[in-house]
Amino acid sequence: MNQFDVDLFIIGAGSGGVRAGRIAASHGASVMVAEEYRVGGTCVIRGCVPKKLFVYASRFAEEFEDAVGFGWTPGEATFDWSRLMAAKDAEIDRLNGIYIRNLERSGAKLVQSRAEIIDPHTVRLVAEDRLVTAKYILVATGGAPYIVPDLPGREFAISSNEAFHLERLPERIVVVGGGYIAVEFAGIFNGLGVETTLVHRGDALLRGFDADLRRTLREEIEKKGIRVLTGDVITSIEKTADGLLAHTRSGEALSAGEVMIATGRAPNTRGLGLESAGVQLDGAGAVIVDEFSQSNVPSIYAVGDVTNRVNLTPVAIREGHAFADTVFGGKRISVDHLGIPKAVFSQPEIGSVGLSEEEALAEFTAVDVYQTSFRPMKHTLSGRNEKTLMKLLVDADSDRVVGCHILGPDAGEIVQIVAITLKMRATKADFDSTMALHPTAAEELVTMREPSVRHRRNS
C-alpha cells in the first residue's frame, strides 16, 4: 500500500506547476495540483499574454498615422476600452480552459483551493479543510506585485494586476518604476492616448540591460510623449475631488486618474507554511533551491518566480519539466540559467541576449563592439523620427559573439533566433560569412564589418 495519498502535490497551477504536473504524470506519478485563483498563472492570466495584447492595441494609433505616408487616407478612428477588455477576457478564458484540459488529460487531478504546507509530506486544502499527504511537494506559486507598505495613500494605487481590470481608461496616469512592467505599461497607456508620466528612482531605466539600450529607450519614449522623471520617488498619494495627486520627493504634485506602482514583484510565499516545514527562504522570501530545484527539505522542491532565480515564464516551464524528469523520469537534469534571451515589449521593443557591454568588459580583456543606429525603412515614408539600434559584443581573443542587443521593431523575434547562435558559440566570422537577407533590419547583424569600439585592457 502506498504510504502517501499522491506521489506529487503541486501548489500553484501556473506555467511551471502545470508543466511539472503534466510531465510527472506522463512518467506514471499520481499528481494533485492546487490553485486558488485561475489555471495558467501570472503570465497567462494577468501578465505577459494580456499585456502583449494591450501592446498590440496601443500601437494602432501610430499605424494609422504612418499609413498616410504610404498613400492611405484613414478615416476617423476611435478607441473603445471596454471592447478591448472584453476581447482580452475572452482570450484569457480560452487559454485558461486549454491549461485545465491539458492538465487533466495528463492524468493530474486539479483542485480549486488554496493549499498550505503542514509538514514535509502534508498539505491542507483550505477550501475543503482536508489534509493530503504526498511523497513530494512542489511549490510553484510565482510572484506578486510589491508595493511599499509604508507609502502614505498606497490604498489608492493600482498594480499591474488591477491594470488589466480597469473599468475605464484614465485621462492621466503616473507609472512608478523602471523595469519591464513599468516601461511596458507606460508605452501601453501612452499609445492609447493617456497622458503618461513615468517616475523611477534610478538614473536610467531597465537596470541590468546594456547601457546603450537604456539610454536610447528613454530618448525614444520621450519622443512619443511619455514624461520620464528619473532620480525621484513617489512619497505619498493623495485622493482629491478630481482624482489623485502623486507627490514626489523633488516636490512635484502629479495629477492623475490612476497611479500604478510597478516597482517589482516579490516571491509569493507568505502564508504557505514553508517556515513551519523547515524550508529555508532568502531575505526576499524566495525558496532557496539547488540546481535541481530542491530545497533544504528533501521532499520539497520549488520552481519559477517563487525561487527568484530568473523570473521569466519559459524559465519556469523549463525548471518544471527538469524537476519532473529528475524526480520521476530517472534523469538528472538541471537548467542552464545563462544566455537566456530577454524581450521588453516597450515602444520601441527591446530584445537582448548574452552579456551587456559592461559585463563583457568585466569578463574579457579584449572586447570589440559592433554597433549601428538607423532609421527603419518603413519610416523613410512614414516620416516618423524613430531609431533602431543594433549591437554585437565580441570577445576579441576568441572571436566569439557574447552579446546581442536590439532596440526596434520585432527586436524580440530577431533575438530569439540570435540566441541559438550564441548558444552554439558562434563567432563573428560565422556572422560575417552568413549571407544578408535584404531588405531587412536584421541584415545589419551580418553586415557590420568594422568595430565601433575596440576595448583592450592589461590582464
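Use the structure listed above.
To keep things clear, this report deals only with the structure shown in the data block.

Calculation rules
- Residues numbered from 1 in each chain as written.
- Predicted model: local features only at pLDDT ≥ 70, side-chain atom pairs only at ≥ 80, totals over all residues.
- Heavy atoms only, no water.
- 1 Å grid on protein atoms, 1.4 Å probe; cavity = no way out; pocket = protein on both sides within 12 Å on 5 of 7 lines; lining within 4 Å.
- Points joined across faces, edges and corners; volume = space filled by probe spheres on them.
- Helix = DSSP H or I, 4+ residues; strand = E, 2+ residues; numbered from the N terminus.
- Nonpolar A, V, L, I, M, F, W, Y, C, P; charged D, E, K, R; others polar.
- Pairing = 2+ DSSP bridges.
- Axes fitted to C-alpha atoms, helices over the stretch in contact; angles between N-to-C directions.
- Contact = heavy atoms within 4.5 Å.
- Disulfide = S-S within 2.5 Å.
- Buried < 20%, exposed > 50% of the residue type's maximum accessible area, 1.4 Å probe, protein only.
- Parallel < 35°, antiparallel > 145°, perpendicular 65-115°, else oblique.
- Left-handed = near helix turned anticlockwise from the far one by under 90°.
- Salt bridge = Lys/Arg side-chain N within 4 Å of Asp/Glu carboxyl O.
- Phe/Tyr/Trp six-rings, centres within 6.5 Å; stacked < 30°, edge-to-face > 60°.
- Lys NZ or Arg CZ within 6 Å of the ring centre and 35° of its normal.

## Considering the layout of surface pockets
Next, step 1: In this structure, the second largest pocket occupies an estimated 710 Å³ of space.
Next, step 2: Looking at the second largest pocket, it is lined by 33 residues, and the ones nearest its centre are Pro376, Lys378, Gly408, Pro409 and Asp410.
Next, step 3: Breaking the lining of the second largest pocket down by element, the ones donating at least two residues are helix H3 (48-67), helix H10 (378-382), strand E20 (388-395) and helix H11 (411-423).
Next, step 4: Per-element tally for the lining of the second largest pocket: the top contributor is H3, with six residues.
Next, step 5: Here the lining of the second largest pocket is composed, by residue class, of 12 nonpolar, six polar and 15 charged.

## Here we look at the sheet that holds strand E17 (residues 342-344)
Remark on secondary structure: sheet strands pair via backbone hydrogen bonds, oriented parallel or antiparallel.
Next, step 1: Spatially, six strands are ordered E17-E18-E21-E20-E19-E22 in an open sheet, and the strand pairing comes out antiparallel. Either end of the sheet is taken by a strand with one partner, and the two such strands are E17 and strand E22 (453-456). The average angle at which neighbouring strand axes cross in this sheet is 15°, direction not considered.
Next, step 2: Alignment of E20 against strand E21 (residues 400-407), held across seven bridges, turns out to be antiparallel. Across the sheet, residue leucine 393 finds its bridge partner in E21, namely glycine 403.
Next, step 3: In this fold H11 packs onto E17, strand E18 (350-354), E20 and E21, with an angle of close to 10° to the strand it touches most, E18.

## Overview of the state of the cysteines
Next, step 1: Using the criterion set out here, one finds one disulfide in the structure.
Next, step 2: Here cysteine 43 is linked by a disulfide to cysteine 48, with a sulfur-sulfur distance of 2.2 Å. The S-S bond linking cysteine 43 to cysteine 48 shows a torsion near -140°; that makes this disulfide left-handed.
Next, step 3: Note on cysteine 43: relative accessible area 13%, which makes it buried.

## Regarding the packing of helix H1 (residues 15-26) against helix H8 (residues 313-328)
Next, step 1: Between H1 and H8, the shortest axis-to-axis distance is 7 Å and the interhelical angle comes to 30°. Taken together, the axes of H1 and H8 lie roughly parallel to each other. Crossing handedness for the pair H1 and H8: right-handed. Here Ser15, Gly16, Arg19, Ala20, Ile23 and Ala24 of H1 lie close against H8, whose contacting residues are Thr313, Ala316, Ile317, Gly320, His321, Phe323, Ala324, Asp325 and Phe328.
Next, step 2: When the residues that make up the contact of H1 with H8 are grouped by side-chain class, the tally is eight nonpolar, five polar and two charged.

## Some points on the pattern of salt bridges
Next, step 1: Applying the stated criterion across every chain yields a total of 32 salt bridges.
Next, step 2: Ionic pairing is found between lysine 51 and glutamate 184, a salt bridge with its closest N-O pair at 3.0 Å. Pair noted here: lysine 51 is in helix H3 and glutamate 184 is in helix H6 (residues 180-191), with a separation of 133 residues, a long-range link. Of the two residues, lysine 51 and glutamate 184, neither departs from the other in class, the shared state being buried.
Next, step 3: Two residues, lysine 391 and aspartate 212, come together in a salt bridge whose shortest N-O distance is 2.5 Å. Of this pair, lysine 391 sits in strand E20 while aspartate 212 sits in helix H7 (residues 211-223), and the two are 179 residues apart along the sequence. Comparing lysine 391 with aspartate 212, the two get one shared label, buried.
Next, step 4: Each of Glu62, Glu63, Glu65, Asp66, Lys224, Lys378, Arg384 and Glu386 takes part in one network of salt bridges that share partners.

## Focus: the packing of aromatic side chains
Next, step 1: Overall, the coordinates contain 10 aromatic pairs when judged by the stated rule.
Next, step 2: An angle of 70° between the planes, with centres 5.7 Å apart, marks the rings of tyrosine 180 and phenylalanine 209 as edge-to-face. Here phenylalanine 209 lies in the loop between strand E9 (195-200) and H7 and tyrosine 180 lies in helix H6, a separation of 29 residues in the sequence.
Next, step 3: Given the relative accessible area of 27%, tyrosine 180 is considered partly exposed.
Next, step 4: For phenylalanine 209, a relative accessible area of 6% corresponds to the buried category.
Next, step 5: We note arginine 332 situated over the ring of phenylalanine 292; from NZ or CZ to the ring centre the distance is 3.8 Å.

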